[in-house]
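# Notes for the structure review
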Amino acid sequence: MAKLPGSAGVSLLGDKSLEFYRDPVNFCRQRILKHRGRVFQSRLLNRPTVFVCSVRGMRELLGEKTNIFLKDPTDLMTNMYGDTLVTTNGEEACLLRLSLTSLFTETSLQSTKEYIFSVCEQRLNDLSLRGQSECVYSVFKRLGTELVLGLFLNLRAEEQPELFQEVVQLCTQHWHGLISAPVNLKVPLWSSGFSTALEARDRLMDIIKEKLENDTGGFPATLASLPLPDSSAAAQHLLLFISALIPKALASLLTSFTLVLSADEQAETRRRATEDPDFLHAVLLELQRLWPPFIGGRRIAEQDITLAGFDVPKGYGAIFISHSIHRDPEVFQQPDSFLPERWSGRNAGQENFLCSFGNGARSCIGTKLTDVFLKTRDVM
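Residues numbered from 1 in each chain as written. Predicted model: local features only at pLDDT ≥ 70, side-chain atom pairs only at ≥ 80, totals over all residues. Heavy atoms only, no water.

## Observations regarding unusual backbone geometry
Operational definition: Where helices and strands are cited, they refer to DSSP runs of H or I of at least four residues and of E of at least two residues respectively, numbered from the N terminus. Burial classes follow relative accessibility: with a 1.4 Å probe on protein chains only, a residue under 20% of its type's maximum area counts as buried, one over 50% as exposed, and anything between as partly exposed.
With a phi close to 50 degrees, leucine 45 is a non-glycine residue in the positive phi region. Residue position: leucine 45 is located in the loop between strand E1 (39–44) and strand E2 (47–52). The class of leucine 45 is partly exposed, set by a relative accessible area of 45%. The backbone of asparagine 46 sits at a positive phi, close to 60 degrees, despite the residue not being glycine. You can see asparagine 46 is positioned in the loop between E1 and E2.

Quick look at the structure:
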């Protein structure tokens with residue numbers, strides 16, 4: 001096997017985390033050109049890390065070798081959400097997934113469509129009546145937040161406006177914990193962003209536990225009835241489901257949809273997407289391919305292993321970069337072009353080459369729900 005291109009640098013001084021998180025797309029693009037390949041090494045979060053920017057590498061990492069590359073038990077997701085199917089490994093993750101998947105089947109989601117439709121219709125009508133310009137991303141993020149809190153927490157803005165606004169604010173503060181330095185510091189008149197996020201998490205957990213104890217219908221009641229490993233698991237997963245991550249991802253995809261299809265030259269694309277559900281699906285796949293809402297995901301190698309033909313030592317990190325993987329020219333011809341037709345041509349049946357919401361056995365269990373959100377006609 002071959003040695004990984006690039007350098008892992010030296011501890012602390014050689015760390016490239018700041019450069020990467022400042023502009024992950026350009027960081028990877030420069031190194032792909034420099035190393036003439038889509039798999040290379042650098043130092044991220046002060047750990048030697050292999051960057052995976054190819055479809056082949058991603059499918060190995062998240063597919064056949066997923067039991068070797070494990071979730072990092074020390075990352076911020078664990079601090080902010082606790083032990084969930086996103087942060088656990090091995091048999092525990094499999095059992096959680098088996099328990100929770102029933103919540104997101106096609107049959108289970110049928111009952112959500114009417115609510116999603118009514119919220120979308122009402123909020124977009126309100127926007128039309130206001131008759132003023134607004135930031136489209138902010139509009140979609142507010143819409144996504146209302147949908148998520150209504151579906152997962154039985155919390156409707158019109159029924160409990162004060163609690164709804166409190167939860168929205170808490171979710172925003174909690175989200176900042178994922179993009180803050182993990183420093184829990186609180187002094188008179190000032191708290192670190194991470195400290196504020198932990199306080200928000202604790203308050204959200206109080207609200208969630210009350211919902212789980214008292215709600216006799218809807219998602220909280222169904223979640224509380226599942227055979228989860230302990231009493232805290234339902235609350236931790238409900239915290240994950242109402243996270244600001246979901247509205248942000250939804251807003252990102254809908255904003256891309258709006259910006260691309262509003263162009264004059266896309267008139268025919270708009271018409272076809274309105275009339276043909278299969279073509280609409282292809283448009284959404286292409287938007288997801290070109291502008292994935294998440295950077296990717298990180299794993300740790302628990303033993304020496306090979307990945308995409310390169311040796312990866314035990315203890316190395318491995319991060320897959322969705323934006324770069326989706327532009328792998330070996331799989332996607334004209335990778336930077338918006339071509340929905342590719343999904344009925346050369347790339348037909350290759351939806352599983354995308355990794356916006358993960359891939360393989362650990363892919364997002366809520367993908368079908370995201371599909372319901374995106375395909376609600378009035379959102380368009």
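And the narrative resumes.
## Side note on the layout of surface pockets
Basically, it comes down to this: Here a cavity means grid points, on a 1 Å grid over the protein atoms only, where a 1.4 Å probe fits yet cannot get out; a pocket means an open set of points with protein on both sides within 12 Å along at least five of seven lines; lining residues are those with an atom within 4 Å of a point. Grid points are joined across faces, edges and corners, and a volume is the space filled by probe spheres set on the points. Each residue gets one label: Ala, Val, Leu, Ile, Met, Phe, Trp, Tyr, Cys and Pro are nonpolar, Asp, Glu, Lys and Arg are charged, and the others, such as Gly, are polar.
Considered as a void within the structure, the second largest pocket measures approximately 630 Å³ in volume. Together, 24 residues line the second largest pocket, and Gln288, Phe357, Cys364, Thr367 and Lys368 are the ones closest to its centre. When residues of the lining of the second largest pocket are assigned to their parent elements, the largest contribution, five residues, is made by helix H17 (residues 367–374). The residue inventory of the lining of the second largest pocket, partitioned by class, reads nine nonpolar, eleven polar and four charged.

## Here's the deal with the packing of aromatic side chains
Our working definition: Only Phe, Tyr and Trp rings are paired, with Trp represented by its six-membered ring, and only when their centres lie within 6.5 Å; those with planes under 30 degrees apart are stacked, over 60 edge-to-face, the remainder tilted. Charge over a ring is defined by NZ of Lys or CZ of Arg lying within 6 Å of the ring centre and within 35 degrees of the ring normal.
Throughout the structure, instances matching the rule amount to 13 aromatic pairs. Between phenylalanine 40 and phenylalanine 51, the aromatic rings sit 5.3 Å apart at their centres with planes inclined by 5 degrees, giving stacked as the arrangement. Residue phenylalanine 40 is located in strand E1, and its partner phenylalanine 51 is located in strand E2; the two are separated by eleven residues in the primary sequence. With respect to burial, phenylalanine 40 and phenylalanine 51 carry one shared label: buried. Summarising the aromatic geometry, the rings of phenylalanine 332 and tryptophan 343 are spaced 5.9 Å apart at their centres and angled 55 degrees between planes, so their arrangement reads as tilted. Here the residue phenylalanine 332 occupies a position in the loop between helix H16 (322–325) and H17, and tryptophan 343 occupies one in the loop between H16 and H17, the gap between them amounting to eleven residues. Assessed through its relative accessible area of 7%, tryptophan 343 is described here as buried. Each member of the aromatic cluster is reached from another via a ring pair, and the members are Phe20, Tyr21, Phe27, Phe40 and Phe51. Taking NZ or CZ as reference, arginine 31 lies 3.7 Å from the ring centre of phenylalanine 27, over its face. Positioned above the aromatic ring of phenylalanine 279 is the side chain of arginine 272, whose terminal nitrogen or guanidinium carbon lies 3.8 Å from the ring centre.

## Let's talk about the sheet that holds strand E9 (residues 317–321)
Let me state the cut-off plainly: Two strands pair if DSSP finds at least two bridges between them. Contacts between residues were defined by any pair of non-hydrogen atoms, one from each residue, lying within 4.5 Å. With axes taken as lines fitted to C-alpha atoms, and helix axes fitted only over the stretch in contact, angles between N-to-C directions fall between 0 and 180 degrees.
With mixed pairing, five strands are arranged side by side in an open sheet as E1-E2-E9-E6-E3. Each having just a single partner strand, E1 and strand E3 (69–70) make up the two edges of the open sheet. Bridge count for E3 against strand E6 (residues 296–301) is two bridges, and the pairing is antiparallel. The partner of leucine 70 across the bridge, within E6, is isoleucine 300. Those strands touched by helix H2 (residues 24–35) are E1, E2 and E9, and its axis lies near 130 degrees from that of E1.

## Focus: the packing of helix H13 (residues 245–261) against H17
How two helices sit against one another is set out by the angle between their axes and by the gap between those axes. Cut-off, in case you're wondering: Geometric relationships in this document are graded by angle, where less than 35 degrees denotes roughly parallel, more than 145 denotes roughly antiparallel, 65 to 115 denotes roughly perpendicular, and other angles denote oblique. Take the far helix as your reference; a near helix turned counterclockwise from it by less than a right angle gives a left-handed crossing, and one turned clockwise gives a right-handed crossing.
Contact geometry of H13 with H17 gives a least axis separation of 11 Å together with a crossing angle of 45 degrees. As judged from the angle between their axes, H13 and H17 are oblique. Between H13 and H17 the crossing geometry is right-handed. Across from Leu250, Leu253 and Leu254 in H13, the residues of H17 making contact are Thr370, Phe373 and Leu374. Taken together, the residues that form the contact of H13 with H17 break down as five nonpolar, one polar and no charged.

## A short note on the pattern of salt bridges
Opposite charge on two side chains lets them pair, provided their charged atoms get close. Keep this limit in mind: Between Lys or Arg on one side and Asp or Glu on the other, a salt bridge is scored when a side-chain nitrogen of the former is within 4 Å of a carboxyl oxygen of the latter.
Scanning the model with the defined rule gives 17 salt bridges in all. Put simply, lysine 65 and glutamate 60 hold a salt bridge, and the shortest N to O gap is 3.2 Å. Glutamate 60 carries the same exposure label as lysine 65, and that label is buried. A salt bridge links glutamate 134 to arginine 130; the shortest N-O distance between them is 2.8 Å. What emerges from the salt-bridge pattern is a single network uniting Arg56, Glu60 and Lys65.

## Focus: the state of the cysteines
Condition: Throughout, a disulfide means two cysteine sulfur atoms within 2.5 Å of one another.
In this structure the tally under the stated criterion is zero disulfides. Here cysteine 53 stays unpaired: no disulfide links it, and the sulfur of cysteine 28, its closest cysteine neighbor, is 4.1 Å away. We note that cysteine 120 lacks a disulfide partner, and the nearest cysteine sulfur, in cysteine 135, lies 18 Å from it.

## Quick notes on the nonpolar core
Grouped burial of nonpolar side chains is what soluble globular proteins tend to show. The cut-off we apply is this: We call a set of buried residues a nonpolar core when its members are Ala, Val, Leu, Ile, Met, Phe, Trp, Tyr or Cys and they connect through side-chain atoms within 4.5 Å of each other.
By size, the foremost hydrophobic cluster in this structure holds 73 residues, and its most contacted members are Leu100, Phe104, Leu147, Phe152, Leu223 and Ile242. Other than its neighbours up to four places away in sequence, isoleucine 242 contacts Val148, Leu149, Phe152, Leu153, Cys171, Leu204 and Ile208. Counting 29 residues, the second-largest nonpolar core is a separate cluster that includes Val39, Met58, Ala318 and Phe320.

## Digging into the environment of isoleucine 246
As for its placement among the helices and strands, isoleucine 246 is situated in helix H13. The sequence separation of isoleucine 246 and proline 293 amounts to 47 residues, and the corresponding C-alpha distance is 9.7 Å. Those residues in contact with isoleucine 246, other than ones at most four positions away along the chain, are Val148, Phe152, Leu240 and Phe241.

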